[in-house]
Amino acid sequence: MSTPVPDVRMSPLSAVGLVASREITTRVKSKAFRVATVVMLLLIVVGILLVKLIAGGGGADAKVGFTAATAGFSAPLQAAGKTLDENIETTQVADETAGRAKLADGSLDALLTGDGKSVHVQVKKDLDGKLANVLQVLSQQVAVTQQITALGGDPARFEAAVAAAKFVEDPPLEQPYDYNGQQLVLGIVAGILIYLSLMINGQTVAQGVVEEKTSRVVELLLSTIKPWQLMTGKVLGIGVVGLIQMLVIGVGGVAAGLATGVLTISVSAAVGTVVWLVVWYLLGFFMYSIVFAALGALVSRQEDVGGATMPALMLVIAGYVIGISVLPSDPGNTFVEVLSVIPVFSPTLMPMRLAMGGVPVWEAVVSVGLVVLMIPGLIWLAARIYRNAVMRTGAKVKLRDALRAA
């Protein structure tokens, strides 16, 4: 891809705008951009529909049959299931023979057999582990009831007393945040989108720099515009293309989630997630793409781009991996909280935490502020590397050589 040569009489802003507009026009019209955007959006929509189907099929976790002799175990079994978060559906069968027939055809997961004095269960092949835990609790309750009866007590009064017993919780020192399961999922999705965008679009910037460098187009361009104008225009153009893609995917995904009823959070919360996604995409992209452009200028072959940009990529990958590994099970992890404020990790970690909720306002402000303050310094440093390396072809330019004054 080549970039038009701006007129020498153009102002710096016009030159940057021309380079950026060329990047936007070329990439938005490309088949690769359209296919990638549609595929990513379809994957999110399909994922939402699968979640709805799975959630929609939420019936009993296990179906257990009982005979007339074991009818007394039905209610205690369901109660024991609730304590272990297991939904048990019970149904009476005519006799054990009929129950075994239902086991054979899959109508039942288990059958309570015996004389009702102790818990006996029969299954078709394997006993589910969760159901086994529920049956163990039931067995213990039956044993306790029998012992109370043997000692002359009233099992009903004993069970009522146990059921009524509750512990008293004093007010916590700090009010915990009630994380919503859907917000946790949104946070993970936000992190994945940011990660993919930084990886794809950041690499695109570096590859574009090398493409113009190897084709000698850059020599012609730099005869009429300054290096920082070319670098800035390329970064802005690819950034806008990535933003368009991010908006299409983010808005489309949230709209599909709300329309299908998979997302039951408020519209304002969903919109807030998309807004923060866009903010952190812009911050993260401009911070990292500036670095990618500078690192791309150090090499002259496309196959060397990966090695040159690896140090920056490792920071992006590290933040993403830490986020998806720790936050789903521990949203309030202190280590992640600290990392999410550090600029090199903020673009991947902070949007995940913001989507999950519970982030203090000052943390969000500080993380944004630090990235904003860091970007001008990166622009100066990257422009210096780019200016001193982009005209040098052949072997890879050493970073310390590129940092020296031209």
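The structure under discussion appears in the preceding block.
Now for a look at the structure at hand. Worth saying up front: this structure is predicted, and the values here are computed from it rather than measured. (Residues numbered from 1 in each chain as written. Predicted model: local features only at pLDDT ≥ 70, side-chain atom pairs only at ≥ 80, totals over all residues. Heavy atoms only, no water.)

**A closer look at the overall build of the protein chain**
- Across its full length, the protein chain carries 15 helices and four strands.
- Taken across its 406 residues, the protein chain has 40% of its residues classed as buried.
- For the protein chain, restricting intrachain contacts to residue pairs at least 6 apart in sequence, the fraction spanning at least 24 positions comes to 73%.
- As presented, the protein chain carries roughly 21100 Å² of accessible surface, and 64% of it is formed by carbon and sulfur atoms. (Helix = DSSP H or I, 4+ residues; strand = E, 2+ residues; numbered from the N terminus. Buried < 20%, exposed > 50% of the residue type's maximum accessible area, 1.4 Å probe, protein only. Contact = heavy atoms within 4.5 Å. Areas by Shrake-Rupley, 256 points an atom, 1.4 Å probe, with all protein chains shown as cover.)

**Re the side chain of Glu 363**
- With respect to the element layout, Glu 363 can be found in helix α14 (residues 361-389).
- For Glu 363, the side chain forms a polar contact with the side chain of Arg 353, separated by 2.8 Å.
- What Glu 363 contacts, discounting residues up to four positions off in sequence, is Glu 337, Met 350 and Arg 353. (Polar contact = N/O pair within 3.5 Å; in protein donor to acceptor, adjacent residues only side chain to side chain.)

**What about the pattern of salt bridges?**
- In the structure shown here, the tally under the stated rule is seven salt bridges.
- With a shortest N-O distance of 3.0 Å, Glu 96 and Arg 100 are connected by a salt bridge. Placement of the pair is Glu 96 and Arg 100 together in helix α4 (residues 96-104), with a separation of four residues, close to one helical turn.
- Judged by its relative accessible area of 25%, Glu 96 falls in the partly exposed class.
- For Arg 100, a relative accessible area of 36% gives the class partly exposed.
- The partner of Glu 363 in a salt bridge is Arg 353, with the nearest N and O atoms 2.8 Å apart. Of this pair, Glu 363 sits in helix α14 while Arg 353 sits in helix α13 (residues 346-356), and the two are ten residues apart along the sequence. We note that Glu 363, like Arg 353, is buried.
- Connected through salt bridges with shared partners, the residues Glu 23, Arg 27 and Lys 234 form a single ionic network. (Salt bridge = Lys/Arg side-chain N within 4 Å of Asp/Glu carboxyl O.)

**Side note on the environment of Arg 100**
- Spatially, the C-alpha atoms of Arg 100 and Ala 110 are 9.0 Å apart, while their sequence positions differ by ten residues.
- With residues up to four places along the chain from it excluded, the contact list for Arg 100 reads Leu 111 and Gln 122.

**Quick notes on unusual backbone geometry**
- With a phi close to 60 degrees, Asp 85 is a non-glycine residue in the positive phi region.
- Tracing the backbone shows Asp 85 in the loop between α3 (74-83) and β2 (88-92).

**Observations regarding the sheet that holds strand β1 (residues 62-66)**
- One open sheet accounts for four strands, arranged β2-β1-β3-β4; its pairing is mixed. Of all the strands in the sheet, the pair left with one neighbour each is β2 and β4 (120-122). Neighbour-to-neighbour, the strand axes of the sheet open up by a mean angle of 30 degrees, direction not taken into account.
- For β1 and β2, the ladder comprises five bridges, and the chain directions are parallel. Bridge pairing links Val 64 to Thr 90 in β2.
- Packed on one face of the sheet, α4 meets β3 (110-113) and β4 and runs near 165 degrees to β3. (Pairing = 2+ DSSP bridges. Axes fitted to C-alpha atoms, helices over the stretch in contact; angles between N-to-C directions.)

**Some thoughts on α13**
- When you tally the buried positions in α13, you get eleven out of eleven residues, the bulk of the element.
- For α13, every residue scored as buried is listed here: Ser 346, Pro 347, Thr 348, Leu 349, Met 350, Pro 351, Met 352, Arg 353, Leu 354, Ala 355 and Met 356.
- Positive phi shows up at Gly 357, right after α13, with a value of about 95 degrees.

**Structural notes on the nonpolar core**
- Counting residues in each nonpolar core, the largest one holds 58 residues, and the members touching the most others are Ile 194, Trp 280, Phe 285, Tyr 288, Leu 298 and Tyr 386.
- Mapped onto this core, the elements with two or more residues apiece are α1 (12-28), α7 (181-214), α9 (227-260), α10 (267-296), α11 (305-326), α13 and α14.
- Of the residues forming this core, the biggest block, 13 residues, is contributed by α10.
- The next biggest cluster of nonpolar side chains, apart from the first, holds 14 residues, and it includes Leu 77, Ile 88, Leu 131 and Val 142. (Core = buried A, V, L, I, M, F, W, Y, C linked by side-chain atoms within 4.5 Å.)

**Digging into the side chain of Thr 309**
- Position of Thr 309 relative to the elements: it lies in helix α11.
- When its relative accessible area of 0% is taken as the criterion, Thr 309 is described as buried.
- Within the structure, Thr 309 has its side chain in polar contact with the backbone oxygen of Gly 306 (distance 3.4 Å).
- Residue contacts for Thr 309: discarding those within four places in its chain leaves Gln 203, Ala 206, Phe 292 and Leu 295.

These results come straight from atomic positions and should not be treated as a statement about function.
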